Amino acid sequence: MNAVIYARYSSAAQTEQSIEGQLRVCREYAERNNYTVIHEYIDRAMTGTNDCRPNFLQMIEDAQKKQFDFIICYKLDRFSRNHYDSVFYKHKLQQSGVKVLSAMEAISDTQEGKLIEGILEIMAEMYSTDLSQKVKRGLKESAIKGTFTGGHILYGYKVVDKRVVIDEEKAPAIKYFFEEYAAGKTKKKIVAELNAKGYTTHNGKRITINSFQSTLKNRKYIGENIFNGIVSENSYPAIIDKETFDRVQERLKERAFAPARAKAKVEYLLSGKAFCGHCGTQLVGISGTSKTGDKHHYYACAKRYKTHDCNKNNIKKDELENFVIDRTLEHVLNPDCAEHIADMVVLEYQNSINGAKIKEYERRLIEIDKELDNCAALMLKATSAELIERFNNKAKDLELQKADAQSELSKLRLAISLKHTKQDILQWLNIYTDGEPQSIDFRRRLIHLFVNAVYVFDDKNVLFYNLIDETPIAFNEMLTAISRFYCIYQ
């Protein structure tokens, strides 16, 4: 039976030891119960009170592929501390035939066991809610008393004896910034003047506009600290008078209502997949405005754009993306070509995933066990602490290699048991034949799933499609046109 492990810790105060401890206990639990662990999902510094956890959501999605039967957690509160989310996702997993197991909580698969499980989930949620309320209450009291509540300290201030005080070295820069902006100067000019005066950031670097991005709107500079709806006037001593602050807000408001120069954000669908055919550098999205005021978007060689070390001409964004979409519809989703693609995928699958590779991993595991036995024997004979430590480190390294090899072996065995047929591939391709070619969602999905890389020359484009490996094909591989990729030339 196949299983995956889910591990999580909730705050930066906890460390990787927390994750390693959870994983060790879960692996031991899996071994005792004869579960084959094929993957581990880990969320670091993520709260369990909601489902905004990338690896958690990926695990839920992968469960629908029915590649594993169980999810092993250190305790149920690692899975979720929100009772509603726990019930919702467990029900969703149940529909895929996947069950959540606790390595540390012995819960039977009976009505009584389910009752205990529900109680544990509710207790975890209550603990999390109570802890959150205590933390908020403590921070609120600190704000009212005027003590520092933690976090980033604003430029112009410093913390002394848990209280925020004015930093006499940095505060004049803030005062100058506000006063000059209120008088009509641009941010860019003020920043240049501050650098000329010798002011630096907290880290001793040159000041940039980004250094003071939100400074002009921050009411702490006039002595007002708003925390959970309560205004504390003794947390931050004022650096700026209210009259100057209000003039700055008026100017910010005027500029906000000025005719907008920026347009809606443009999505470059081939980002990370488009490369220069001359030098192999990734293409980046750029834009320019013509004499008529029209804005145009291009893909440009990053090397030429940044250092002018390449002579590749820019290519219009729509021109390149339309080429990729049109050729994909013609050569991948065309029913006449789908048969050929399916044959190639099945052949690649057979070449990559077969019994020979399984035997190779099995042989490697036997070799690792022999090396571990040798290490153990040498440690017993060692006469110095230095040698013992060296053999111990070698043994730890071998244990990691063994765990990796066992994991890969499990994946290979699973992949062979789920062998895809030509008909499977054809059905999968047919799912994507329906769609509007001009739809941004359809174009995005097509490029994400099928396109491996496109190398752009001035007179042609070379387009590569994914078979199994999704790693973008390298420049030297493109030049020799590796046969394992299906490529199209313009």
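The structure we're discussing is the one just above.
Residues numbered from 1 in each chain as written. Predicted model: local features only at pLDDT ≥ 70, side-chain atom pairs only at ≥ 80, totals over all residues. Heavy atoms only, no water.

Participant: Explanation requested: the sheet that holds strand E11 (residues 295-301) in the structure shown.
Facilitator: In spatial order, the strands read E10-E11-E12; together these three strands make up an open sheet with antiparallel pairing. Both edges of this open sheet fall to strand E10 (283-289) and strand E12 (315-316), since each of them pairs with a single strand only. Pairing geometry for E10 and E11, over seven bridges, is antiparallel. Looking across to E11, one finds that Val 284 is bridged to Ala 300. (Pairing = 2+ DSSP bridges. Helix = DSSP H or I, 4+ residues; strand = E, 2+ residues; numbered from the N terminus.)

Participant: Quick question: what am I supposed to make of unusual backbone geometry here?
Facilitator: Across the chain, the bulk of peptide bonds are trans and the bulk of non-glycine residues have phi less than zero. One non-glycine residue, Asn 34, lies in the positive phi region at around 60 degrees. Structurally, the position occupied by Asn 34 is in the loop between helix H1 (16-32) and strand E2 (36-43). Look at Asn 34 and you get exposed, because its relative accessible area is 64%. With a phi angle near 60 degrees, Lys 66 is a residue other than glycine that sits in the positive phi range. Looking at where Lys 66 falls in the secondary structure, it is placed in the loop between helix H2 (54-63) and strand E3 (70-73). (Buried < 20%, exposed > 50% of the residue type's maximum accessible area, 1.4 Å probe, protein only.)

Participant: Got a minute to help me understand the packing of aromatic side chains in this structure?
Facilitator: How two aromatic rings sit relative to each other is given by the distance of their centres and the angle of their planes. Inspection of the entire model under this criterion finds eleven aromatic pairs. A centroid spacing of 4.8 Å and a plane angle of 40 degrees characterise the contact between Tyr 35 and Phe 70, whose relative ring orientation is tilted. Here Tyr 35 is found in the loop between H1 and E2, whereas its partner Phe 70 is found in strand E3, with 35 residues between them in sequence. Residue Tyr 35 shares its accessibility class with Phe 70, and that shared class is buried. Each ring, one from Phe 178 and one from Phe 245, has its centre 6.0 Å from the other, and the planes form 25 degrees; the classification is stacked. Of the two residues, Phe 178 is situated in helix H6 (residues 171-182) and Phe 245 in helix H8 (residues 242-256); the sequence distance between them amounts to 67 residues. Joined through ring pairs, the aromatic side chains of Tyr 157, Phe 178, Tyr 221, Tyr 236 and Phe 245 make up one cluster. Over the ring of Tyr 176 we find Lys 197, and its NZ or CZ is 4.8 Å from the ring centre. Positioned above the aromatic ring of Phe 457 is the side chain of Lys 460, whose terminal nitrogen or guanidinium carbon lies 4.3 Å from the ring centre. (Phe/Tyr/Trp six-rings, centres within 6.5 Å; stacked < 30°, edge-to-face > 60°. Lys NZ or Arg CZ within 6 Å of the ring centre and 35° of its normal.)

Participant: I'm lost on the packing of helix H10 (residues 317-331) against helix H15 (residues 440-450) in this one. Help?
Facilitator: How two helices sit against one another is set out by the angle between their axes and by the gap between those axes. Where H10 contacts H15, the two axes come as close as 11 Å, and the packing angle between them is 70 degrees. With respect to H15, the axis of H10 lies roughly perpendicular. Contact with H10, carried on its side by Glu 321, Asn 322, Val 324, Ile 325, Thr 328 and Leu 329, involves Phe 442, Arg 443, Leu 446, Ile 447 and Phe 450 of H15 and no other residues of that element. Among the residues forming the contact of H10 with H15, the class breakdown is seven nonpolar, two polar and two charged. (Axes fitted to C-alpha atoms, helices over the stretch in contact; angles between N-to-C directions. Parallel < 35°, antiparallel > 145°, perpendicular 65-115°, else oblique. Contact = heavy atoms within 4.5 Å. Nonpolar A, V, L, I, M, F, W, Y, C, P; charged D, E, K, R; others polar.)

Participant: Honestly, the pattern of salt bridges in this entry has me stumped. Any pointers?
Facilitator: When the charged atoms of two side chains lie near each other, side chains of opposite charge can form a pair. Throughout the structure, instances matching the rule amount to 18 salt bridges. Between Asp 246 and Lys 242 there is a salt bridge whose closest N-O contact spans 3.1 Å. You can see Asp 246 and its partner Lys 242 sitting in helix H8, four residues apart, about one turn around the helix. For Asp 246, a relative accessible area of 32% corresponds to the partly exposed category. Here the salt bridges share partners, and the residues they tie into one network are Glu 180, Lys 185 and Glu 193. (Salt bridge = Lys/Arg side-chain N within 4 Å of Asp/Glu carboxyl O.)

Participant: What am I meant to see in the environment of Gln 67 here?
Facilitator: Along the chain, the position of Gln 67 falls in the loop between H2 and E3. A relative accessible area of 33% means that Gln 67 is categorised as partly exposed. In the structure, Gln 67 is positioned 63 residues away from Val 4 in sequence and 9.6 Å away in space, judged by C-alpha atoms.

Participant: Sorry, what's going on with the sheet that holds strand E4 (residues 99-102) here?
Facilitator: Strand pairing in a sheet relies on backbone hydrogen bonds, with the paired strands running either antiparallel or parallel. Spatial strand order, E2-E1-E3-E4: four strands in an open sheet with parallel pairing. Bordering the open sheet on either side are E2 and E4, each of which pairs with just one other strand. Strand after strand, the sheet turns through a mean of 25 degrees between neighbouring axes, direction not considered. Pairing between strand E1 (residues 2-8) and E3: four bridges, direction parallel. Bridging from a neighbouring strand, Val 4 pairs with Ile 71 of E3. Here H2 sits on the sheet and contacts E1, E2 and E3; the angle it forms with E2, its principal contact strand, is near 145 degrees.

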